[in-house]
Amino acid sequence: DVKVTQSSRYLVKRTGEKVFLECVQDMDHENMFWYRQDPGLGLRLIYFSYDVKMKEKGDIPEGYSVSREKKERFSLILESASTNQTSMYLCASSLSEATNEKLFFGSGTQLSVL
Amino acid sequence: AQSVSQHNHHVILSEAASLELGCNYSYGGTVNLFWYVQYPGQHLQLLLKYFSGDPLVKGIKGFEAEFIKSKFSFNLRKPSVQWSDTAEYFCAVNALKGYSTLTFGKGTMLLVSP
């Protein structure tokens, strides 16, 4: 079975800190995604990547950047964390190039920015 | 751009009651449709999907969903819920237009009382 691993389950950071969220998938998937999940708002797409060194903005990219230097790893970066970035962050991957047939999700990282 | 609307934020049912969760999407072209489920403390997982063909699709754990194109709807149903169905359910749509991504609804929290 596909495994999507997020490096931290819980993180607490201070306002202004630079934060790295790491995600690794073990099934050679082309596509990787970062979502944030907030109560009552569902999942919102931050960034995605269809190939190494390729990145595309999602619906809410402001305040975030990403890095995909290797196919299996997709990092989300908060350049200067703010309290409104307190959220559950979900990484996902999928095999298909254009249809996103099935997303496999990690367990999530609950980030608290104080 | 596509969007997804889920009719209820919270649903409370007794065991053995029938379930129907509403989902409507807005996009004029061809779409793929999904229902994902997140059980307490677990990662998101695919419940069922519709790509083409029979508009009535069956998923895991006795769930099914019906795609009604004229109504832009993809409602999730189960004839008799169990306590173990307590979870948050997300409807998602992927518009088939090149490199598109999944858009999720805001989720419906289902609580099944024993």
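Numbers given for residues are sequential positions, taken from 1 along each chain in its written order. Chains and ligands are labelled by the order in which they are written, letters from A for the one and numbers from 1 for the other. For this predicted model, a pLDDT threshold of at least 70 governs which residues receive local features, and a threshold of 80 or more governs which side-chain atom pairs are given and counted, while totals over whole chains, interfaces and linings are taken from all residues. In computing side-chain values, all of the structure's heavy atoms are included and hydrogens and water are not.

S.K.: Explanation requested: the overall build of chain B in the structure shown.
M.R.: A run of DSSP states H or I qualifies as a helix once it reaches four residues; a run of E qualifies as a strand once it reaches two. Both are numbered from the N-terminal end. Counting its regular elements, chain B contains zero helices and 12 strands. Secondary structure elements of chain B occur, N-terminal to C-terminal, as β-β-β-β-β-β-β-β-β-β-β-β. C-alpha atoms define the radius of gyration in this analysis, and the globule rule sets the expected value at 2.2 Å times the number of residues to the power 0.38. Its C-alpha radius of gyration of 14 Å places chain B within 12% of the 13 Å reference for a compact globule of 114 residues. Across its three principal directions, the C-alpha atoms of chain B cover 45 × 25 × 20 Å. Taking all 114 residues of chain B together, 49% fall into the buried category. The cut-offs for exposure are 20% and 50% of the maximum accessible area for each residue type, with area from a 1.4 Å probe on protein chains only; residues under the lower value are buried, those over the upper are exposed, and the others partly exposed.

S.K.: Sorry if this is basic, but what is going on with the packing of aromatic side chains here?
M.R.: A ring pair, where both rings are aromatic, is described by two values, the distance of the centres and the angle of the planes. Ring geometry is summarised as follows: Phe, Tyr and Trp rings, the Trp one being its six-membered ring, pair when their centres sit within 6.5 Å, and such pairs are stacked at plane angles under 30 degrees, edge-to-face over 60 and tilted between the two. The tally for this structure, following the rule as stated, stands at 16 aromatic pairs over all chains. Relative to B:F67, the ring of B:Y50 lies with its centre 4.7 Å away and its plane at 35 degrees, an arrangement referred to as tilted. Taken together, the residues B:Y50 in strand β6 (residues 45-50) and B:F67 in strand β8 (residues 64-68) connect sequence positions 17 residues apart. The exposure class of B:Y50 is buried, given its relative accessible area of 8%. When its relative accessible area of 11% is taken as the criterion, B:F67 is described as buried. Grouped by ring-pair contacts, the aromatic residues A:F33, A:Y35, A:F48, A:Y50, A:F105, B:F34, B:Y36, B:F51 and B:F104 constitute a single cluster.

S.K.: What's the story with the pairing of strand β6 (residues 42-49) of chain A in this structure? I'm lost.
M.R.: Strand residues, when the strand is regular, have side chains that alternate between the two faces of the sheet. Residue and element names in this part refer to chain A. In terms of burial, β6 is largely enclosed, as seven of its eight residues are buried. The pairing criterion is simple: DSSP has to find at least two bridges between the two strands. The turn linking strand β5 (residues 31-38) back onto β6 is made up of three residues, and G40 within it adopts a positive phi angle of 80 degrees. Relative to strand β7 (residues 56-57), β6 runs antiparallel, the two being bridged by two bridges. In the sheet register, Y47 faces β7, and the bridge partner there is K57. The turn joining β6 and β7, which pair antiparallel and follow one another in sequence, is formed by six residues; a positive phi near 65 degrees is taken by K53.

S.K.: Help me out: how do you make sense of the state of the cysteines in this one?
M.R.: Covalently bonding the sulfur atom of one cysteine to the sulfur atom of another cysteine gives a disulfide. Two cysteine sulfur atoms make up a disulfide if the distance between them is within 2.5 Å. Counted under the stated rule, the structure contains two disulfides over all chains. Linked covalently through their sulfurs, A:C23 and A:C91 form a disulfide whose S-S length is 1.9 Å. Linking A:C23 and A:C91, the disulfide has an S-S dihedral of approximately -75 degrees and is accordingly described as left-handed. In this pair, A:C23 is assigned in strand β4 (residues 23-25) and A:C91 in strand β10 (residues 87-94), connecting sequence segments 68 residues apart. Looking at A:C23, the relative accessible area reads 0%, which means it is buried. Classification of A:C91 by relative accessible area gives buried; the value is 0%. With a sulfur-sulfur separation of 1.9 Å, B:C23 is cross-linked through a disulfide to B:C91.

S.K.: What exactly am I supposed to notice about the pairing of strand β9 (residues 73-78) of chain B here?
M.R.: All names here are of chain B. The buried fraction of β9 amounts to five of the six residues, a majority that puts the element mostly inside the structure. Summarising the sheet, β8 and β9 pair through five bridges and their orientation is antiparallel. If you follow A65 over to β9, its bridge partner there is L76. The loop that links β8 with its antiparallel partner β9 comprises four residues; one of these, F72, has a positive phi angle of about 50 degrees.

S.K.: How should I be thinking about the nonpolar core in this particular structure?
M.R.: Side chains that are nonpolar tend, in soluble globular proteins, to be buried together. Nonpolar cores are built from buried Ala, Val, Leu, Ile, Met, Phe, Trp, Tyr and Cys residues. Side-chain atoms within 4.5 Å join them into one set. In terms of nonpolar packing, the biggest core is built from 28 residues, with B:L33, B:W35, B:L48, B:F74, B:L76 and B:Y89 touching the most fellow members. Counting 21 residues, the second-largest nonpolar core is a separate cluster that includes A:W34, A:A81, A:C91 and A:V113.

This is a description of form; function is not addressed.
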